[in-house]
Structures are given as C-alpha cells and as structure tokens.
Amino acid sequence: MPDIHAHRQPAAEFWLGVRHELPLQLGVIPFGLVFGILGLASGLTSLQTILLSSILFGGASQVVFAQLWAAGVPPLVVGGSVGVVNLRHVLYSASMAQYLRHLPLRWRILLGYLLTDEAYAVSIKRFRDGPDSPYQHYHLLGSGVTLWVAWQASTLIGVIGGTTIPVSWSLSFAIPLTFIAVVAPSVRRRADLVACLVAAALSLICQPLPWKSWIIVAACGGITAGWLTQYLAKTKDKFNSDENAGAP
Amino acid sequence: MIWLVMILGGIFTFATRFVMLSGWVARRLPRWLIDALAFVPIAVLTAILVPAVLIDPATQQIIVIGNKRIVAAVVATIIALLTRNVIATISSGLATLWFVQWCM
C-alpha cells in the first residue's frame with residue numbers, strides 16, 4: 001500500500017527551506033546594511049545601489065563593483081573583476097545539477113537566480129541527507145527567497161538610513177570582517193593556506209598596477225597557487241603509494 | 001554606461017549559477033576545474049580583505065605600525081577560528097576597532 005505521507009508536500013518543503021535559512025540572516029543582514037551605506041558612499045545613486053542587490057545578488061561582487069566604479073576603473077575591468085568573484089557559483093550549480101536537472105526550464109532559471117552561497121549551503125544539505133521527494137526543490141525555493149528578501153530589505157534600509165550613521169563608527173569595516181568570518185574557518189588544508197597567503201601577498205604587491213587590476217591578479221594567483229599545491233601533493237601521494245605497492 | 005556594466009555583470013553572474021542546470025553543457029566538469037574553482041572563495045575574499053585592512057584609505061599606503069584595523073582583524077580571525085560564527089566575528093572585530101580608537 002502506498003504511503004501518502006512518504007513525501008513532504010511543496011509547502012512543507014518550502015517552509016523547511018525558510019526555517020533552515022533564517023539563522024544565516026544574522027550574518028547577511030548586517031552585510032546588506034553596510035552594502036547599502038557603502039554603495040551611496042561610493043557615489044552610486046540610491047536606485048543603482050538597490051538594483052545592484054537584485055541584478056548581481058552577490059555581496060562580495062557588489063562590494064567590488066561599487067569600489068571599482070567609484071575609483072573610475074574601466075568598465076571592462078569592473079566586469080572582469082565581478083566575473084572572477086562570482087565564478088565560484090559554477091561549483092554550486094554543478095553540485096545542484098543532479099537534483100534539479102529534471103525540472104522544467106522556468107524552475108531551473110528561477111532556482112539558478114536564487115542560488116547563492118547561503119541558500120546553497122542549507123539546501124544541498126537537505127538534498128544530500130534526504131529523504132528524496134519529488135517536491136524537494138521547494139526547499140531551495142524557500143531558502144533562496146528568504147535570502148533574497150533579507151538581502152533586498154537590508155540593502156534598502158542601509159540606503160535609507162545609511163546617511164544618518166556617523167563615519168567615525170567605521171561601519172564599512174564590517175565588510176572585511178564578514179570576509180574574515182568566511183575565510184578563516186575555511187582554511188583547512190595546506191593548499192588552502194597557500195591560496196590565502198599568495199592572494200594576500202599579491203593583493204599588496206600589485207597595488208601599483210593600473211585600474212585596480214590587483215583584484216583579478218591576486219584572485220587568479222591565489223587560485224593557481226592553491227591548485228598547484230594540491231596537484232603536487234596528489235602527485236607525491238600517488239608516487240608514494242605506487243612505491244609502497246611495490247614493496248613486499 | 002554603469003547600467004550596461006551592471007546588467008552584463010548580472011547576466012554573467014546568473015550564467016555562473018545556471019550553467020550546470022541548463023542541460024546545454026557536459027554533465028560533469030573536468031576534475032581540474034572543480035579543484036581550481038574550490039579555491040575561488042578563499043583567494044577572492046582574501047584579495048579583497050587584506051588591502052581593506054592594511055592600506056590606509058587616505059594615503060593609499062600600506063600601514064602596519066599604529067594600524068587599528070590590524071588589531072581588530074586579528075581579534076576577529078581568532079574569534080572566527082574559535083566560534084565559526086559570522087555575527088560573533090563581525091561584532092568582536094567592530095568592538096575591538098571601537099575600543100582601540102577610543103583608547104588612542
């Protein structure tokens with residue numbers, strides 16, 4: 001006899017996604033507020049700052065966009081820097097693909113748009129841990145919409161209220177602090193540390209480069225250094241295990 | 001012009017999120033690409049945050065001695081490693097910065 005309670009219904013999946021996403025908003029909302037303030041301080045208009053949050057919908061890339069645009073960097077370099085910052089989403093997209101590929105195109109477009117770091121983090125966990133359900137994509141809809149609303153609202157509040165906050169509060173420092181909160185715990189392997197240190201060194205050494213291209217150079221340098229370290233470690237392990245396999 | 005760059009940036013960003021769901025590309029990314037992409041967040045965020053801490057906005061010079069932001073960043077890093085909590089990291093960093101500014 002088929003069990004009618006075997007699958008959570010769409011609404012239940014949706015609200016589960018919302019509930020899983022809510023705690024992460026403690027980190028998202030201050031970032032959104034600060035971005036709203038920073039956007040205006042960088043010389044973007046209110047409308048540009050607010051729409052950037054829905055058009056790019058990626059905090060780090062929005063910060064890069066605002067800062068580079070304020071510095072009068074050529075549009076191509078601004079676009080290229082935003083592109084590099086957002087490349088990581090390809091990984092999320094790849095790991096979500098097996099759960100979402102069967103959906104109609106309009107669903108894949110909507111969920112693709114909503115696929116951010118924070119929504120990915122909670123929904124991939126739900127997909128992996130199961131239980132499998134034909135409605136499980138509603139979980140990503142719930143987490144994605146929650147983040148979207150929090151991000152737009154906090155940007156808006158930052159834009160409206162930002163001018164009343166005195167500069168001496170150094171609230172813009174919350175942005176590098178947010179990045180520290182993400183980077184520090186994610187450095188686990190030696191290759192991560194190498195990527196981190198090389199990116200840090202290049203970001204300082206390459207400051208004199210024109211058009212603030214140090215962002216692209218330091219990011220690409222860090223990625224390459226981390227990848228090489230991991231590749232060399234793998235090759236060495238393989239060499240060692242081949243050697244051991246030959247031993248009696 | 002700014003609108004054009006915003007919209008093109010938005011289309012590219014959407015493409016990075018949608019590409020593997022599209023069904024228009026190979027089902028699997030090559031292993032080396034997955035390995036390389038895994039380093040994107042660490043490299044990108046470090047590249048943005050280090051100059052934001054070390055470089056003085058007024059003079060555009062690297063400042064180490066007497067730089068209050070370094071103290072705050074070090075405290076925030078320790079808190080981040082201990083708690084793995086975003087809000088604790090941000091608030092401890094800001095509180096340290098305010099405290100050091102108040103002391104000096």
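All figures in this text were calculated on a predicted structure; none of them were measured in a lab.

Some remarks on the interface of chain A and chain B
One widely used convention gives an interface's size as the accessible area the parts lose upon coming together. Residue-level contacts link 80 residues of chain A with 64 residues of chain B. Here chain A packs against chain B, burying approximately 6,300 Å² in sum over the two surfaces, 78% of which is carbon and sulfur. In this structure, the connection of chain A to chain B is made through one salt bridge. Of the charged contacts, one joins A:Lys234 and B:Asp35 as a salt bridge, the two residues approaching to 3.0 Å between their closest N and O atoms. For the pair chain A and chain B, the interface holds 16 residue pairs in polar contact (both at pLDDT 80 or more). With twelve residues, helix 10 (residues 174-186) of chain A is the largest single contributor of residues to the side of chain A that touches chain B.

Quick word on the environment of A:Gly17
Residues and elements named next belong to chain A. Tracing the backbone through its elements, the reader meets Gly 17 in helix 1 (residues 10-21). Overall, the relative accessible area of 0% leaves Gly 17 in the buried class. Residue contacts for Gly 17: discarding those within four places in its chain leaves His 139, Gly 142 and Ser 143.

What counts, and where the lines are drawn
- Residues numbered from 1 in each chain as written.
- Chains lettered and ligands numbered in written order.
- Predicted model: local features only at pLDDT ≥ 70, side-chain atom pairs only at ≥ 80, totals over all residues.
- Heavy atoms only, no water.
- Contact = heavy atoms within 4.5 Å.
- Buried area = accessible area lost by both parts, 1.4 Å probe.
- Salt bridge = Lys/Arg side-chain N within 4 Å of Asp/Glu carboxyl O.
- Polar contact = N/O pair within 3.5 Å; in protein donor to acceptor, adjacent residues only side chain to side chain.
- Helix = DSSP H or I, 4+ residues; strand = E, 2+ residues; numbered from the N terminus.
- Buried < 20%, exposed > 50% of the residue type's maximum accessible area, 1.4 Å probe, protein only.

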